[in-house]
Amino acid sequence: MRTIDSLGDLSGKKVLVRSDFNVPLDAEKNITDDGRIRAALPTLTRLVKAGAKVVVMAHLGRPKGKVNPDFSLAPVAARLGELLGQNVKLAADTVGEDAHRLAAQVGPGEVVLLENVRFDPRETSKTDSEREELAALYAALADVYVSDGFGVVHRKQASVYDVAKLLPSAAGELVFKEIDSLSKATDNPQRPYTVILGGSKVSDKLGVIDNLIEKADRLLIGGGMAYTFLRAQGYEVGKSLLEEDQIENAKAYLEKAKQKGVEILLPTDNVTAAEFKADAPASVHPADAMPAQEMGLDIGPQTAERYAQAIADSKTIVWNGPMGVFEFEAFAKGTRAVAQAMQDACGFTIVGGGDSAAAVRTLGYDETKFNHISTGGGASLEFLEGKTLPGIAVLED
Ligand code: ADP
Ligand code: MG
């Protein structure tokens, strides 16, 4: 993968950067988690210091190809300016008159931001020629292109894929770090290699399970998906999240794991409640005695302890998907136990998945104690599935 070094001296050069600024906003348009903006800083500060003229493009939300002020990048421009310690001007459009005016005016070491690339339907078009037409307009704004929006590199979109073909292009610091870290799990991982899978559904994670069952030594399963696996083993799961149509798949995975000598750990106890509610009375039950009228909303303390031990014993650990409904404090203990064990682990720790990364932050863990917390939910999953990511492939030599 080509890196920024390959672009040579950037002083006075106009550099078009694709960043991922798709941050959550509250009703007053305040940014509630600026993690993605912070993750873009290494590349942007490097370019600023190199004296480049920086033009940044990004998307926010799903404006569906229409200009819509609700999805304006204005809050991002303001926050980015604060974090960089310099003014960041926002163009009123994406590739229109104002974008051209600002891109023409930007000075060495200055940063301008174009308006939401998804205001233009061509950005995400399935028709190559439409995307290419827009990419040519992006390319006209700069001399070189840096791809740094890791959250979108699995998408064949104009600002991610097509524009990279039109200018000298390279991976930014974030994309480089993401691929470098995630590769530690996919290329010759240090063993024992443990994967913790959770989240709501088995069906969301089929690709990851397929791929990792070939590579990992141990698979720890929690979250909503655990109940389909427990059902596959013949346990009653009460009112827990259950995907009937995935029971056969789950059985096949359990069988395959046995053949490959991969250990699969399932919850031996669960925290259950009668309702999916923050204040629903919670109680702990062994997996073989789940109350028929209740649902499993978290792994139980015995399971949490076993999983923490397995994490402590591993040299490579990948975690995707919360162990329970961590958004409700009463059902966050399993997720906390895994986060704590990862934080304390000696092995190389990777967190992939949007909600898992959010859990680490919102539950108050120290992000710096994890080796890698991916900024791209879908992109990190597809990478771990072994898929080719178009936005990465286009940066290979
Ligand atoms: P990620 O974004 O990290 O890949 P997912 O999107 O797959 O994770 O899953 C996250 C969601 O799964 C969370 O919102 C959490 O509340 C939910 N979840 C976890 N355990 C359960 C459970 N036992 N029942 C229902 N939902 C669950
Ligand atoms: Mg998610």
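These figures come from a predicted structure and were not determined experimentally.

**What about the overall build of the chain?**
Phase 1 of the analysis: Within the chain one finds 15 helices and 15 strands.
Phase 2 of the analysis: Relative to its length of 397 residues, the chain is compact, with a C-alpha radius of gyration of 23 Å against a globular reference of 21 Å.
Phase 3 of the analysis: C-alpha extents for the chain along the principal axes are approximately 70 × 45 × 40 Å.
Phase 4 of the analysis: Across the 397 residues in the chain, those meeting the buried criterion constitute 56%.
Phase 5 of the analysis: Of the contacts formed within the chain by residues at least 6 apart in sequence, a portion of 72% connects residues at least 24 apart.

**Focus on the site of ligand 1**
Phase 1 of the analysis: Surveying the vicinity of ligand 1 reveals 18 residues, the closest of which are Lys205, Gly296, Glu327, Asp355 and Ser356.
Phase 2 of the analysis: Ser200 places a main-chain nitrogen or oxygen 3.2 Å from an oxygen atom of ligand 1.
Phase 3 of the analysis: Alone, ligand 1 offers 580 Å² of accessible surface; in the complex the protein occludes 85% of this.
Phase 4 of the analysis: When residues of the shell around ligand 1 are traced back to their parent elements, those giving at least two are β12 (295–299) and α13 (354–362).
Phase 5 of the analysis: The dominant element in the shell around ligand 1, judged by the number of residues it contributes, is α13, at three residues.
Phase 6 of the analysis: Among the residues forming the shell around ligand 1, the class breakdown is four nonpolar, 11 polar and three charged.

**Brief notes about the sheet that holds strand β15 (residues 372–373)**
Phase 1 of the analysis: If you trace the six strands from one edge of the open sheet to the other, you get β9-β8-β7-β13-β14-β15, paired in parallel fashion. Strand pairing shows two members of the sheet lacking a second neighbour, β9 (263–265) and β15, which therefore form its edges.
Phase 2 of the analysis: Judged from the five bridges that link them, strand β13 (residues 316–320) and strand β14 (residues 348–352) form a sheet pairing that is parallel. By the bridge assignment, Ile317 is partnered in β14 with Thr349.

**Brief notes about unusual backbone geometry**
Phase 1 of the analysis: Going from Arg191 to Pro192, the amide bond is cis rather than trans, its omega being 0°.
Phase 2 of the analysis: Among the structural elements, Pro192 can be located in the loop between α7 (173–186) and β7 (193–197).
Phase 3 of the analysis: Within the chain, Lys64 stands out as a residue other than glycine whose phi angle is a positive 60°.
Phase 4 of the analysis: By the secondary structure assignment, Lys64 is in the loop between β2 (53–57) and α3 (74–84).
Phase 5 of the analysis: For Asn188, which is not a glycine, the phi torsion comes out positive at approximately 45°.

**Some words on the pattern of salt bridges**
Phase 1 of the analysis: Going through the model one piece at a time under the given rule, you end up with 23 salt bridges.
Phase 2 of the analysis: Measuring nitrogen to oxygen at the nearest pair gives 2.8 Å for the salt bridge that ties Arg122 to Asp120.
Phase 3 of the analysis: Given the relative accessible area of 12%, Asp120 is considered buried.
Phase 4 of the analysis: Its salt-bridge partner being Arg336, residue Glu329 comes within 3.0 Å of it at the nearest N-O pair.

**Quick word on the sheet that holds β12**
Phase 1 of the analysis: With antiparallel pairing, the three strands of this open sheet are ordered in space as β11-β10-β12. Each edge of the open sheet is held by one strand with a lone partner, namely β11 (283–286) and β12. The average undirected angle you get between the axes of adjacent strands in this sheet is 45°.
Phase 2 of the analysis: As defined by bridge partners, strand β10 (residues 269–273) adjoins β12 across four bridges and the pair is classed as antiparallel.

Conventions used here
Residues numbered from 1 in each chain as written. Chains lettered and ligands numbered in written order. Predicted model: local features only at pLDDT ≥ 70, side-chain atom pairs only at ≥ 80, totals over all residues. Heavy atoms only, no water. Helix = DSSP H or I, 4+ residues; strand = E, 2+ residues; numbered from the N terminus. Rg over C-alpha atoms; globule rule 2.2 N^0.38 Å. Buried < 20%, exposed > 50% of the residue type's maximum accessible area, 1.4 Å probe, protein only. Contact = heavy atoms within 4.5 Å. Near = heavy atom within 4 Å. Polar contact = N/O pair within 3.5 Å; in protein donor to acceptor, adjacent residues only side chain to side chain. Areas by Shrake-Rupley, 256 points an atom, 1.4 Å probe, with all protein chains shown as cover. Nonpolar A, V, L, I, M, F, W, Y, C, P; charged D, E, K, R; others polar. Pairing = 2+ DSSP bridges. Salt bridge = Lys/Arg side-chain N within 4 Å of Asp/Glu carboxyl O. Axes fitted to C-alpha atoms, helices over the stretch in contact; angles between N-to-C directions.

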